[in-house]
Structure formats: C-alpha cells, structure tokens
Amino acid sequence: MKLSYIKLPNEILDMDLTAKELAVMFYLSSIYVSGRDTVCVKQSTIAAKCGIKTTQTVSKITASLSDKGLIICRRSIYDNNSTGMIYYTLKLPKASKGYFSVQRQILNEQLTPAQLRAYLFICRSLSPSLGRCWNSYNDLAKILGTSRSKAIELVAQLVKKNVITKQKIKTRQNKRVYGDNHYTVVRYVSHRRIGRRNQGKKTGL
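Residues numbered from 1 in each chain as written. Predicted model: local features only at pLDDT ≥ 70, side-chain atom pairs only at ≥ 80, totals over all residues. Heavy atoms only, no water.

A. Summary view of the overall build of the chain. For the chain, the count of helices and strands is 6 helices and 9 strands. Residue burial in the chain is summarised as follows: out of 205 residues, 40% are buried. Taking as baseline every contact in the chain between residues at least 6 positions apart, the subset at least 24 positions apart corresponds to 60%. Carbon together with sulfur atoms contributes 48% to the accessible area of the chain, which is approximately 12,200 Å² in total. (Helix = DSSP H or I, 4+ residues; strand = E, 2+ residues; numbered from the N terminus. Buried < 20%, exposed > 50% of the residue type's maximum accessible area, 1.4 Å probe, protein only. Contact = heavy atoms within 4.5 Å. Areas by Shrake-Rupley, 256 points an atom, 1.4 Å probe, with all protein chains shown as cover.)

B. Here's a closer look at the pattern of salt bridges. Counted under the stated rule, the structure contains 3 salt bridges. Salt-bridge contacts for Asp14 lead to Arg124; the nearest nitrogen and oxygen are separated by 3.2 Å. Highlighted residues: Asp14 in the loop between strand S1 (5-9) and helix H1 (19-31) and Arg124 in helix H4 (residues 113-125), separated in sequence by 110 residues. Overall, Asp14 belongs to the exposed group, its relative accessible area being 55%. Its relative accessible area of 25% is what places Arg124 among the partly exposed residues. Ionic pairing is found between Glu21 and Lys68, a salt bridge with its closest N-O pair at 2.9 Å. With a gap of 47 residues between them, Glu21 in helix H1 and Lys68 in the loop between helix H3 (55-67) and strand S3 (71-77) connect regions that are remote in the sequence. Exposure remark for Lys68: the relative accessible area of 37% places this residue in the partly exposed category. (Salt bridge = Lys/Arg side-chain N within 4 Å of Asp/Glu carboxyl O.)

Now the structure itself:
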C-alpha cells in the first residue's frame, strides 16, 4: 500500500479554531476527494474519528465552521420531507502561504483533538531538508494557546503513542548542557511504523 498524505494550507493553523474544530476540518479534508464538490459522512462517524463524545457536539462544531466560512452544510430531504444525510463542502484557505503534508495513517491512532492539534503544529514546523523541528516548550505553548506544562504533557503523550520522537540536543557552547528538543514524525510504511521508539530516557527541558 502506498503512503497517503493529506495536504493542508499553513494558514489553517493560524485561524481562530478550537482543537475540536481543527480535528473536524482535518478529518473532512482526509475524505475529501479532488474533483468532487462535497463529501457525505455521518455525524456519528465524525465524532468517532475526531475523539468527540456526542453527535450534538459535532453539530455545534460544523455550525461554527459554517459560520466561519470554512464549510457549507447541506442536508438532503427525501420525498416524504424527512431529513437525510448531511453533505459538506470544504472552503479551505488557499495555499498562497504554503502547505504541509500529514500522513493519513495518523487517523488510526485515535488522538484526542488537543493531541492532534499539537501533532499538526509539529508537522507544519518540520524542516523540509532535515525532517525535524526544534520548537521549545514555550514556543509550543504560545502556538497552541495553552500553558507550558500542558505543552509538555501533550508532547509526552505523542511520544508515548509513538507518533513522534523527541531527542535532547546539547548546546554548541557547552557539550555538557542540553538545549532544545528536536522532534521528528514517525513514518509509516504500509501498516508498519518506522522510527526510533522512546527508550524511556528522561528527555526534556
């Protein structure tokens, strides 16, 4: 099976979206087929794929995304006037500021919306040439709009799930002192993941 990637415009992570709104946008983008205007999916499926507890919450999220102009929702009506499936048209920002790619297999990892948001930011931050990024916890906390302790917790959760790896890097000024962490994204080949697993060493700032 060939690897499959989801392309997202960089700008989507700079918009005023909650973690759950971003998770729904990411999932809808993952099933959106080029050349088709809409996608049709059950709200219960969206809830399950995005780690959202109820379809009522999904309904509120899609309504909010609609108000923000990111999706158009249209519910089909049968001949007996009963309502049917909901069709979604995505209105993603144009990739004028660039885009980043995310492996589709991450959808199988059952990340929470907060974990997915942190993962997407790391994916966007990866150096194209080096394949890693080195955001500090303070930077991640600011980007994610959360506390430093929460950013540390989210990174630890992603490492434990083996979807990213984290390595402490010594400073150039003093090889005995550790500086920033370097992050890489675990790659998938067919149904296998490849990448260095966390060996239980204490890493962090």
